[in-house]
Amino acid sequence: MSTSTPPQKTLSRIAANRLQKELSEWQINPPAGFKHRVTDNLQRWIIEVNGAPGTLYSCEQYQLQVDFPENYPMEAPQVIFIQQPPCHPHIYSNGHICLDILYDSWSPAMTVSSICISILSMLSSATQKARPPDNDRYVRNCRNGRSPKETRWWFHDDKV
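Since we're looking at a predicted model, the values are computed, not measured. (Residues numbered from 1 in each chain as written. Predicted model: local features only at pLDDT ≥ 70, side-chain atom pairs only at ≥ 80, totals over all residues. Heavy atoms only, no water.)

Visitor: What is the right way to look at the overall build of the chain in this model?
Guide: When you go through the chain residue by residue, the secondary structure sums to 3 helices and 4 strands. Written out in order from the N terminus, the α and β elements of the chain read α-β-β-β-β-α-α. When each of the 160 residues of the chain is scored for burial, the buried share is 47%. A fraction of 63% describes how many contacts in the chain between residues 6 or more apart in sequence connect residues 24 or more apart. (Helix = DSSP H or I, 4+ residues; strand = E, 2+ residues; numbered from the N terminus. Buried < 20%, exposed > 50% of the residue type's maximum accessible area, 1.4 Å probe, protein only. Contact = heavy atoms within 4.5 Å.)

Visitor: Honestly, the nonpolar core in this entry has me stumped. Any pointers?
Guide: Counting 36 residues, the largest nonpolar core has Trp45, Ile47, Leu64, Phe81, Ile97 and Ile119 as its most contacted members. Broken down by secondary-structure element, the contributors of at least two residues to this core are helix 1 (13-28), strand 2 (44-50), strand 3 (61-67), strand 4 (78-82) and helix 2 (112-124). Residue contributions to this core peak at 7 residues, all from helix 2. Excluding its chain neighbours within four sequence positions, the residues that come into contact with tryptophan 45 are Leu19, Glu22, Leu23, Trp26, His36, Leu64, Gln65, Val66, Phe68 and Val112. Membership of the second largest hydrophobic core comes to 5 residues, among which are Tyr92, Cys98, Tyr138 and Val139. (Core = buried A, V, L, I, M, F, W, Y, C linked by side-chain atoms within 4.5 Å.)

Read these as layout, nothing more, since geometry by itself doesn't imply function.
Structure (structure tokens):
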């Protein structure tokens, strides 16, 4: 499974302070269905995702890897599923996620919690478990650790 690592540069002071604040808030009030796996790396978070009850992903567990750029929150983090990604029309088998807030619609006002809630909402609204139609071609083109942030995504389906 891909654990693409963007070139790690040291976090700016603003980014480090923001992430410390988000982590503190997470420890007090984590988003429902998510658990941050504690590590000593502030720049890479591993988050356990539990499928919401009453959805296709109920009782299933996944892991997100969140890599923060040096100028977070001005730039979106890279977010991918690791291990076995869920089978979903907007999630590629290499863990890359086609979700506009991770790319074109990112705002510095967003947080890791808001990203997680958006991903859970995307999973919960699925009506079928299927890979994107272009999964094989996309994954083949992403060999050698290509970041999903290097992809020119086409956001055309807001039904799933």
